[in-house]
Amino acid sequence: MDTAFRNPAIGPLAALLLAVAVFTVTTDTFMSVDNVSLILQQSVVIGTLALGQTLIILTRGIDLANGAIMVLGALVVAQLATGAGVPQGIALLAGFAVCGGLGLLAGGAVSRLSLPPFIVTLGFLTVLQAASRLHTRETVLVEEGPLTFLAQGGYLFGQFQVTVGVALVLITVAVLHFALTRTSWGRHVYAVGNDAKAAMRCGINVNRVLLSVYLLAGLLYALAAWQAFGRSPATSPNAFPTANLDTITAVVIGGTSLFGGRGGVIGSYLGALIVLVLQSGLTQAGIDPLYQQIATGILVILAVALDQFTRRSTR
Amino acid sequence: MTPILQARGIVKRYGHVTAIDGADFDLEAGEVLAVVGDNGAGKSSLINVLSGAVLPDAGEVLLAGSPVHFKSPHDARLAGIETVYQDLAVAPAMDIASNLYLGREIRRPGWRGKVLRQLDIRAMRQRAQKQLDELGITTLQSITQSVENLSGGQRQSVAVARAAAFGSKVVIMDEPTAALGVRESAQVLELIGTIRDRGIPVVLISHNMPHVFQIADRIHIHRLGKRAAVVSPREHTMNDVVAIMTGATELAA
Amino acid sequence: MITRTTRRALALAVAAGTALAMGTACTATKQAGASGPTDGPVKLGLVTKTDSNPYFVSMRSAAEQEASAKGATVIAKAGKEDGDNDSQVKAVEDLIAAGVRAIMITPSDTKAIVPVLKKAQQKNILVIALDTQTDGNQGVDATFATDNTQAGVLQGQYVKAALGQKQPRVALLDLQPGVTVGDQRHNGFLKGIGLADSAREISGRGDTNGDQGKGQTAMENLLQRDSGINAVYTINEPAAIGAFTAIKNAGKADGVVIGSIDGGCTGVQAVKEGQIAATVMQFPGKMARLGVAASVEFAKSGAKPQVPTTGYIDTGVQLVTDKPLGGLDAKDTAWGAQNCWGKK
Ligand SMILES: Nc1ncnc2c1ncn2[C@@H]1O[C@H](COP(=O)(O)OP(=O)(O)OP(=O)(O)O)[C@@H](O)[C@H]1O
Ligand SMILES: [Mg+2]
């Protein structure tokens, strides 16, 4: 089996189950149908952003600008829909175009110009934050409609509330997992992250793979913007200020290597869930939220140590 | 007969370093051509041009007499030229079957392949196993081992097997025995013989003179970025070759 | 292959265990006695903009003190940065799930936070805004806040009195455009000093984000434009201290009156040392105490606090200076050091 994507989600899954078990035992309120449903709803935005981050990290890159791209996209959508009176569906498509275009631009800089992803996305972050604030300084509210469609939902088994957004994030994870592990494109993504020069010599068009990854990441950020409207029908240039670090945290806890070429999207989504479970559980237990930060930080370091350890032991 | 693969007046510069300085190259049908030369003579650079990994600054490459312009290794691969690079060009976290089929994956038949573009992982594994068996490569136990878990020699076998399995016109090997033990080296040499017997010419870059003299039909001696001479191992001794390599003797190319 | 996967899983499990160990240890003590939401102590939630700013730290510790005096407990949460609406939304949701009776919040995004607050209200949870009103007071039952306009007016009146007969040449060090608090203080200041926004006496303005470093840079740039500036409005004390540094470096420390707002202990100290002429103190601790009192009352009797027509309950402001002027009601820095917020 390829070690690149061999059961990379088992570790984070165990951690998640352990955390759930601990909070179930130690608090009265954590393990309830409503709270589990809530945590899933809380996962949709960072969870979706983390998928794009995973793709980029798999190619040995890093994306510091994902939150900024999403926020700019969301602002464009909101302004078109509320200020300019464009139908919401069309405004949403424009958001996908904006985020996809920005992803393509970043991908072009990384592939064609061979610039380091850290620097490219740092530049994007700085520019886009300013661009968002030039665009508007205020919170923009959106009306109910296609933009807030993901907030709709129904009940499973009579009482378990599932929103369209939660279903969509799960579908997105599944589709991406399939694409990464069962298609040529996916293998090429891993190969580029393993060793770009080797991939090139195996006949893989490395630039095109990189471009496709950044484009797809951009589209996922637009999807995250849509998910964010489902969570809260408003956006502002100050929203999600730490999305970049939050997603890197989720990806790393999820077992994807920051050195590229190994890991997967399921782990990243579980990583996002772990952070939320810690957040929720410690709140239910009435414990200072700073312990949540400490726990998350320890998990990140352990996950990276584990990655180093497996990489070294296989060399 | 026209040579299968030719190069004329190839020049490649890296900044101030001239890696190839107007080199010529000829590979005849059905032969094993050894390429020898000191470290830094420009051997790898030359074969990188032949395999499309590097674009030359000047000169032309001809395949079966007609000029070709490889823009990437992909182009060369499509033309039937397979290469074992000095640094192997394998993806460490992927298994042997995946590496053999990297960049030429097989899709599932039917709608799953066409619509979902789903890979046929089982077919790739089966065929990879068959190819290894046919080539008589016994050093690799399981096709599903990750390349990073293999020894240096086993990794080299993977790269050699890949080139041997897919090269239809030309197989180029840049120091394929560098990391190998005596037995494994003998296997690779045998493999080179097998490939030649199938009618596919092989370019072998090596610093190991006994190997070269054992297997090569002709020896291309590279010196200071140029072809210094082409000699026959039957008419020249190892000492002659070393003398030309180091510039102690000159011989018309 | 199996062994390595298992090892990896085990190690991560241990990782999570380690990380959670502290959590469970604390839980054991805190949960003791809390068998159900009704007969245990009243649980209250507090969500601040950040948990690093001393302003919110003092708000939080005041809330915790007041709560324990009244037999309630406070679960405190915070956004990661000012403007981080998503974290605040999650915090409110988690608090609802934890079964709190009241939520006190300093909203980072006054519009975007509204839907989740309404959700809390629907669950019969009292929602109280502290320091900052939500948009149109939606989603909250009461707000305890500073009258920011009045704070600005006091600063303006004091600066005017300090200038006396001198022709004012004023620099305005604002927060950033589009933020209500900033606009209210800015306009209040202009009202207090008696100048229009477009007056010739206004030499220039700069954005500081309430940050000392940015305040210094903005002031340096304004002094380049007009070296004759003799009065400075500042949005808060860090900006004022930055402005003072710039003015001192330009060798004009004696000729410029700096006014400010906040009442942080560092700010009061700066007033004492003469860097800032006067500051207008606000009372985050009082907001928190009043908020907790109202929450506990609600939990007991179901009664909600009465809100005046201004839309919020004014927790007051106080001019602090060692040079009282113009008949303005002022306290000295000794009093200020007693009543300031942050590290005393
Ligand atoms: N990518 C590159 N960038 C800069 N210089 C290079 C590059 N590749 C090769 N060179 C230089 O070109 C020259 C020829 O190198 P090349 O690798 O072709 O030699 P070689 O004959 O294969 O040597 P060896 O026997 O050590 O493999 C050397 O001086 C090398 O430093
Ligand atoms: Mg070489």
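For the structure, check the block above.
All of these numbers come straight from a predicted model, not from anything done at the bench.

Draft legend 1. Representation of the overall build of chain B within the structure. Broken down by element type, chain B carries 9 helices and 10 strands. For 253 residues, the compact-globule formula gives about 18 Å, and the C-alpha radius of gyration of chain B, at 19 Å, lands near that figure. Counting only C-alpha atoms and orienting by the principal axes, one finds that chain B spans roughly 60 × 40 × 40 Å. Partitioning the intrachain contacts of chain B with sequence separation of at least 6 by distance along the chain shows that 64% fall at a separation of at least 24. Looking at chain B as shown, the accessible area adds up to about 10800 Å², and 50% of this sits on carbon and sulfur atoms. If you average the places of the 27 positive and of the 26 negative side-chain charges in chain B, the two averages end up 9 Å apart.

Draft legend 2. Quick peek at the nonpolar core. Ranked by size, the top nonpolar core spans 94 residues in total, and within it L49, M70, L147 and F240 of chain A carry the most contacts. Those residues in contact with F240 of chain A, other than ones at most four positions away along the chain, are V45, I46, M70 and A228 of chain A together with D86 of chain C. The next biggest cluster of nonpolar side chains, apart from the first, holds 39 residues, and it includes I96, L100, I106 and I200 of chain B.

Draft legend 3. Main features of the coordination of the magnesium ion (ligand 2). Residues and elements named next belong to chain B. Protein coordination of the magnesium ion (ligand 2) is provided by S44 (OG) and Q86 (OE1), with donor distances spanning 1.9 to 2.2 Å. Here the residue S44 occupies a position in helix α1 (residues 43–50), and Q86 occupies one in the loop between β6 (81–84) and α3 (96–100), the gap between them amounting to 42 residues. S44 sits in the partly exposed class, given a relative accessible area of 22%.

Draft legend 4. Up close: helix α8 (residues 184–194) of chain A. Burial of α8 of chain A is extensive: 10 of the 11 residues sit out of reach of the surface. Taken residue by residue, α8 of chain A has S184, G186, R187, H188, V189, Y190, A191, V192, G193 and N194 of chain A as its buried positions. In the core, the buried residues of α8 of chain A are packed alongside α3 (44–58), α7 (164–182), α9 (196–201) and α10 (206–231) of chain A together with α3 and α5 (121–135) of chain B.

Draft legend 5. Summary view of the sheet that holds strand β8 (residues 231–234) of chain C. Residues and elements named next belong to chain C. Spatially, β7-β6-β8-β9-β10-β12-β13 is the arrangement adopted by the 7 strands of the open sheet, whose pairing is mixed. Two strands lie at the open edges of the sheet, namely β7 (202–207) and β13 (330–331), each paired on one side alone. Each of β6 (170–174), β7 and β8 is contacted by helix α7 (residues 212–225), which is oriented at about 150° to β7, the strand it contacts most. Packing of helix α8 (residues 237–249) onto the sheet brings it into contact with β6, β8, β9 (257–262) and β10 (278–281), and relative to β9 it is tilted by some 160°.

Draft legend 6. Spotlight on the pairing of strand β9 (residues 218–223) of chain B. Residues and elements named next belong to chain B. Looking at chain direction, strand β3 (residues 32–37) and β9 are connected through 5 bridges and run parallel. Each residue of the ladder has a partner; that of L33, found in β9, is R218. The pairing of β9 with strand β10 (residues 226–231) spans 5 bridges and is classified as antiparallel. Across the sheet, the residue bridging to H220 is V230, located in β10.

Draft legend 7. Looking closely at the environment of T29 of chain A. Along the chain, T29 of chain A turns up in the loop between α1 (10–26) and α2 (33–42). Between the C-alpha atom of T29 of chain A and that of T283 of chain A, which follows or precedes it by 254 residues, the distance is 9.9 Å. Those residues within four positions of T29 of chain A in sequence are excluded, and the remaining contacts are N35 and Q284 of chain A together with A97 and A98 of chain C. A distance of 2.9 Å separates the side chain of T29 of chain A from the side chain of Q284 of chain A, its partner in a polar contact.

Draft legend 8. Molecular detail of the packing of helix α2 (residues 54–69) of chain C against helix α10 (residues 284–301) of chain C. Residues and elements named next belong to chain C. The N-to-C vectors of α2 and α10 enclose an angle of 35°; their axes lie 8 Å apart at closest approach. The handedness of the crossing between α2 and α10 is right-handed. Residues Y55, S58, M59, A62, A63, E66 and A67 of α2 pack against P284, G285, M287, A288, R289, V292 and A293 of α10.

Draft legend 9. The arrangement of the environment of G225 of chain B in detail. Residues and elements named next belong to chain B. On the secondary structure map, G225 appears in the loop between β9 and β10. On a C-alpha basis, the gap between G225 and L55 in space is 16 Å, while along the polypeptide they are 170 residues apart. Discounting residues that sit within four places of it in the chain, G225 has contacts with A19, I20, D21, G22, A23 and A41.

Draft legend 10. Main features of the packing of aromatic side chains. Counted under the stated rule, the structure contains 5 aromatic pairs over all chains. Measuring from ring centre to ring centre gives 4.8 Å for F189 of chain C and Y233 of chain C, while their planes differ by 45°; the resulting arrangement is tilted. Placement of the pair is F189 of chain C in helix α6 (residues 180–193) and Y233 of chain C in strand β8, with a sequence separation of 44 residues. Grouping residues by exposure puts F189 of chain C and Y233 of chain C together as buried. Ring pairing ties together the aromatic residues Y55, F56 and W341 of chain C, which thus form one cluster. The side chain of R201 of chain A reaches across the aromatic face of Y85 of chain B, ending 4.1 Å from its centre. Note that R104 of chain B overlies the ring of F166 of chain B, its terminal NZ or CZ placed 3.7 Å from the centroid.

Draft legend 11. How the structure looks around the site of ligand 1. Residue and element names in this part refer to chain B. Close to ligand 1 lie 14 residues; G40, K43, S44, S45 and H207 are nearest. Within the contact set of ligand 1, an oxygen atom lies 2.7 Å away from a side-chain nitrogen or oxygen of S44. Elements with a contribution of two residues or more to the shell around ligand 1: β2 (17–27) and α1. At 3 residues, α1 tops the list of elements feeding residues into the shell around ligand 1. Per-class residue counts for the shell around ligand 1 are 4 nonpolar, 7 polar and 3 charged.

Draft legend 12. Quick peek at the side chain of Q118 of chain B. Following the sequence through the fold, Q118 of chain B ends up in the loop between α4 (111–114) and α5. Residues in contact with Q118 of chain B, not counting those within four places in the same chain, are F178 and R182 of chain A together with R107, R108, R112 and G113 of chain B.

Draft legend 13. Spatial organisation of the pairing of strand β8 (residues 202–205) of chain B. Residue and element names in this part refer to chain B. Because side chains alternate across β8, one face comprises the buried residues V202 and L204, and the other comprises V203 and I205, equally buried. Of the strand pairs in this sheet, β3 and β8 are connected by 4 bridges, and their pairing is parallel. For A34, the partnering residue across the bridge sits in β8 and is L204. With 4 bridges joining them, strand β7 (residues 170–174) and β8 adopt parallel strand pairing. Residue pairing for β8: M173 is matched across the bridge by L204. As a crossover connection, the stretch from β7 through helix α7 (residues 182–197) into β8 is right-handed.

What counts as what
Residues numbered from 1 in each chain as written. Chains lettered and ligands numbered in written order. Predicted model: local features only at pLDDT ≥ 70, side-chain atom pairs only at ≥ 80, totals over all residues. Heavy atoms only, no water. Helix = DSSP H or I, 4+ residues; strand = E, 2+ residues; numbered from the N terminus. Rg over C-alpha atoms; globule rule 2.2 N^0.38 Å. Contact = heavy atoms within 4.5 Å. Areas by Shrake-Rupley, 256 points an atom, 1.4 Å probe, with all protein chains shown as cover. Lys, Arg positive; Asp, Glu negative; His and termini not counted. Charge placed at Lys NZ, Arg CZ, Asp CG, Glu CD. Core = buried A, V, L, I, M, F, W, Y, C linked by side-chain atoms within 4.5 Å. Buried < 20%, exposed > 50% of the residue type's maximum accessible area, 1.4 Å probe, protein only. Donors = N, O, S within 2.8 Å, 3.2 Å for Na, K, Ca; no water. Pairing = 2+ DSSP bridges. Axes fitted to C-alpha atoms, helices over the stretch in contact; angles between N-to-C directions. Polar contact = N/O pair within 3.5 Å; in protein donor to acceptor, adjacent residues only side chain to side chain. Left-handed = near helix turned anticlockwise from the far one by under 90°. Phe/Tyr/Trp six-rings, centres within 6.5 Å; stacked < 30°, edge-to-face > 60°. Lys NZ or Arg CZ within 6 Å of the ring centre and 35° of its normal. Near = heavy atom within 4 Å. Nonpolar A, V, L, I, M, F, W, Y, C, P; charged D, E, K, R; others polar. Right-handed = clockwise from strand over helix to strand, strands pointing away.

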